[in-house]
Amino acid sequence: MTQLTFDVPLPNETNPKELAEDLSESQQKTSWYKGRVLSHSSIYLYKTCPQKWKFRYIDKVPEKPRSFFSFGKSVHAGLEYLFSGVKDGIPTIEELLANFRANWLRDGYESPQQEKWFFQEGERIIRGFYGKHKDELKKVFQVEFKFTVDIEGVPVMGYIDRIDSTPSGGLAILDYKTGKAFDRIRVRQEPQLTLYQMAVKKLLGKEVETVGLYHLNTLTAHVVPAHTAQQETDVVQGVLLAAKGINESKFDPKPEQGGQCQWCDYLQICPAFAGKKGTRAFEVPAPDSLAELADRLGRLDAKIQELLKSRDEVEKSILSRLSVKNEKEVEGKYFSVIHKPADEPNGKILFSQPREKKP
Ligand code: SF4
């Protein structure tokens, strides 16, 4: 669900056949590349910064979870659940929302408020998508179509969100995106769709009539005719250039590429910034610096305040109901709560304790 593009221009003079020959030669010299499968996103990453590619895929240095990844995956999983019922009967909106809530991914959100906002946005998208499209899902041919395709000797894999059958017997590719809005120009140029088109033609043996991106936040499909032969050639070049560089262990950092370094999780260990204090990118505080600890403490205090506020609201709600019933104690499934106005050390009136397990 991320927005990925090959925005690094490829050299026009490169011939795919020559590249393929170069690649097979270098594959003979080195063996570690063999068995490695590329994808649209890994090829894009290699073009953007080979060093970052190495950190992620070879050194496997973990990156921080990101809210937009969690959100995109959660909404994606919700739609997958909807499509899984296309053949045997689609779920009700209540079942769909229950599934979305049960599978909500919580990683990467900066605060409970931010997570709440995204969660509500996800529910809004699921409801809106269901209301708008539930009666048109019969044409769905494949969902989450996983493929591995051979491109001039380089295995490339991917997942296509949805493939529909067209009335004339062809296929229509649609990929779902969350995040910033986009237009048809992007869809006409998106190399991820060109790659999908090539894989579908090769593996399913049918013509691709249209390709499209569906912007979930606005419930809008942007669909264009199949990409051109020249775009397919460009994708082959992109795959071969990345594979050649990887195969030859070319992992130079690209610190100047679009100001990306200041958001890069590998900044602190990147050779491009070793000993270069004073550059803007290097001013990000070290994970264990005093400034970072101060920020962490501030965030924790903010969370505590927020939790105390929520607790206060729940306490008031319980107290008002207990007073109606004239009772001093209530038992939940896991906790019992006692009203002890005499012991108010921290302003608390209700005290909870775990319920004892029954033998
Ligand atoms: S800090 Fe910049 S140059 Fe270094 S790995 Fe990250 S993106 Fe690449």
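Residues numbered from 1 in each chain as written. Predicted model: local features only at pLDDT ≥ 70, side-chain atom pairs only at ≥ 80, totals over all residues.

Examining the nonpolar core
In terms of nonpolar packing, the biggest core is built from 45 residues, with Ile-173, Tyr-196, Val-239 and Ala-242 touching the most fellow members. Not counting residues up to four positions away in its chain, the partners in contact with Ile-173 are Ile-160, Ile-163, Leu-193, Tyr-196, Gln-197, Val-200, Val-208, Val-211 and Gly-212. Phe-55, Cys-264, Tyr-266 and Cys-270 belong to the second-largest nonpolar core, a separate cluster that totals 5 residues. (Core = buried A, V, L, I, M, F, W, Y, C linked by C-beta atoms within 7 Å. Buried ≥ 20, exposed ≤ 12 C-beta atoms within 10 Å, placed from the backbone. Contact = placed C-beta atoms within 7 Å.)

What to know about the packing of helix α2 (residues 40–48) against helix α9 (residues 229–247)
Interaxial distance between α2 and α9 falls to 10 Å at its minimum, and their mutual angle equals 65°. When the axes of α2 and α9 are compared, the pair comes out roughly perpendicular. Here the hand of the crossing between α2 and α9 comes out left-handed. Side by side, α2 and α9 meet where Ile-43, Tyr-46 and Lys-47 of the first sit next to Gly-238, Val-239, Ala-242, Gly-245 and Ile-246 of the second. Its residues placed into classes, the contact of α2 with α9 shows 5 nonpolar, 2 polar and 1 charged. (Axes fitted to C-alpha atoms, helices over the stretch in contact; angles between N-to-C directions. Helix = DSSP H or I, 4+ residues; strand = E, 2+ residues; numbered from the N terminus. Parallel < 35°, antiparallel > 145°, perpendicular 65-115°, else oblique. Left-handed = near helix turned anticlockwise from the far one by under 90°. Nonpolar A, V, L, I, M, F, W, Y, C, P; charged D, E, K, R; others polar.)

Here's the deal with the site of the ligand
Around the ligand, the surrounding shell holds 13 residues, and the nearest of these are Cys-49, Pro-253, Cys-261, Cys-264 and Cys-270. Class assignment for the residues of the shell around the ligand results in 9 nonpolar, 2 polar and 2 charged. Three or more residues apiece are contributed to the shell around the ligand by two domains, here domain 1 (1–252) and domain 2 (256–284). (Near = placed C-beta within 6 Å. Domains from an automatic or database assignment.)

Details of the pairing of strand β4 (residues 171–177)
Of all 7 residues in β4, 5 are buried, a share of seventy percent or more. Direction of pairing for strand β3 (residues 154–165) relative to β4: antiparallel, over a ladder of 4 bridges. Within the sheet, the bridge partner assigned to Asp-164 lies in β4 and is Ala-172. (Pairing = 2+ DSSP bridges.)

Some remarks on the pairing of strand β5 (residues 208–215)
Taken together, the 7 bridges between β4 and β5 define a ladder with parallel strand orientation. Of the residues in β5, the one forming a bridge with Asp-175 is Leu-213. Examined bridge by bridge, β5 and strand β6 (residues 220–225) share 6 bridges and lie antiparallel to one another. Bridging across to β6, Thr-210 finds its partner in Pro-225. Hairpin connection, β5 to β6: the antiparallel pair is bridged by 4 residues, and Leu-219 has positive phi, about 50°.

Notes on helix α3 (residues 50–58)
All of the buried residues along α3 are Gln-51, Lys-52, Trp-53, Lys-54 and Phe-55. Where α3 is buried, its residues meet α2. After α3 finishes, the residue Lys-60 shows a positive phi value of roughly 55°.

Considering the packing of helix α4 (residues 67–84) against helix α6 (residues 112–133)
Close contact between α4 and α6 brings their axes to 10 Å; oriented N to C, the two are set at 30°. One finds that α4 runs roughly parallel with respect to α6. Two packed elements cross with a definite hand, and for α4 against α6 that hand is right-handed. Of the residues in α6, those touching α4 at Ser-67, Phe-71, Ser-74, Val-75, Gly-78, Leu-79 and Leu-82 are Gln-114, Phe-118, Gly-122, Ile-125, Ile-126, Phe-129 and Tyr-130. Grouping the amino acids of the contact of α4 with α6 by side-chain chemistry returns 9 nonpolar, 5 polar and no charged.

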